[in-house]
Amino acid sequence: KTLIIEKALVGGLATYTNEIENYPGFPEGETGLGLMELFHKQAKKFGVKFKLTDVRGVQLEGDVKVVETFRTNYECKAVVLASGGKPRLTGSKGEDKYLYDKGISFCATCDAAANTGKTVMVIGSGDAAIEEGMFLTKFASKVIVSVMHEEGKMDCNEIAREEALQNPKMEFKWNTVTEEFKGGERLESVVLKNLKTGELDDVKVDTCFIFIGYLPN
């Protein structure tokens, strides 16, 4: 008997990915959510049970292990910990005030439509940052990308880099890192610091998307 305990969406971080183009057997590509639904369906076919809840604790000593949830304790012979990761934060001043639907987001697929016709900022230059940034240009009127490297240098793959540089809706602020998040009830601007000059640039935005990696849960 196998039980999978999942506190959010079955499939984890893949469910937050809009397009998956490089998974074997899908020549036309697939959405992250669509592919994970197929994973879910296949696991259930083999008798795997799913429980959508959070794990409060584990007791791993002895032959019988215990996994504690809010309502039930599950006893088992083996426990596999595959708890994924959470988005890395910038640690900048004011960041904690605008998390949780107040202007800072970690999921372009989730929040792109809500930013139709608006100005958004993307922090980062890896594959996730640049590819999600390009996805945002389908909705937002302008996508400002803060890159900590020299002009033209990014951490993403070359194809995404070239596409991004040619995208008329994308504007790049090179040699910059976040200094502060400002606003009232919601985020109104992101202050960027130039790593070369130390100059501060207060940029008006409606939403800021942070893509600077993940930390293990």
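Read on for a plain summary of the structure. Source: prediction; values computed, not measured.

In this section: the overall build of the protein. For the protein, the helix and strand inventory stands at 4 helices and 15 strands. In terms of overall dimensions, the protein has C-alpha extents of about 60 × 40 × 30 Å along its principal axes. Looking at the protein as a whole, 36% of its 217 residues are labelled buried. For the protein, the exposed area adds up to about 13400 Å²; of that, 52% sits on carbon and sulfur atoms.

Another aspect to go through is the pattern of salt bridges. The tally for this structure, following the rule as stated, stands at 8 salt bridges. With a shortest N-O distance of 3.1 Å, Glu171 and Lys142 are connected by a salt bridge. One end of the pair, Glu171, is in strand E10 (residues 170–173); the other, Lys142, is in strand E9 (residues 142–146), and 29 residues separate them in sequence. Using a relative accessible area of 27% as the deciding quantity, one classes Glu171 as partly exposed. Overlapping salt bridges bring together Lys142, Glu171, Lys173 and Asp201 as one network.

Here the focus is unusual backbone geometry. A positive phi angle, near 55 degrees, is found at Asn175, a position not held by glycine. Summarising the element assignment, Asn175 is placed in the loop between E10 and strand E11 (176–183).

Across the sheet, which stays open at both edges, the 3 strands sit in the order E11-E12-E13 with antiparallel pairing between neighbours. Two strands bound the open sheet, and with one partner strand each, they are E11 and strand E13 (200–204). Each strand of the sheet is rotated relative to its neighbour by a mean of 25 degrees, with strand direction disregarded.

What follows deals with the side chain of His149. With respect to the helices and strands, the residue His149 is situated in the loop between E9 and helix H4 (158–166). What His149 contacts, discounting residues up to four positions off in sequence, is Ser125, Met154, Asp155, Trp174 and Asn175.

Thresholds, definitions, all that
- Residues numbered from 1 in each chain as written.
- Predicted model: local features only at pLDDT ≥ 70, side-chain atom pairs only at ≥ 80, totals over all residues.
- Heavy atoms only, no water.
- Helix = DSSP H or I, 4+ residues; strand = E, 2+ residues; numbered from the N terminus.
- Buried < 20%, exposed > 50% of the residue type's maximum accessible area, 1.4 Å probe, protein only.
- Areas by Shrake-Rupley, 256 points an atom, 1.4 Å probe, with all protein chains shown as cover.
- Salt bridge = Lys/Arg side-chain N within 4 Å of Asp/Glu carboxyl O.
- Pairing = 2+ DSSP bridges.
- Axes fitted to C-alpha atoms, helices over the stretch in contact; angles between N-to-C directions.
- Contact = heavy atoms within 4.5 Å.

Just geometry here; none of it tells us what the structure is for.
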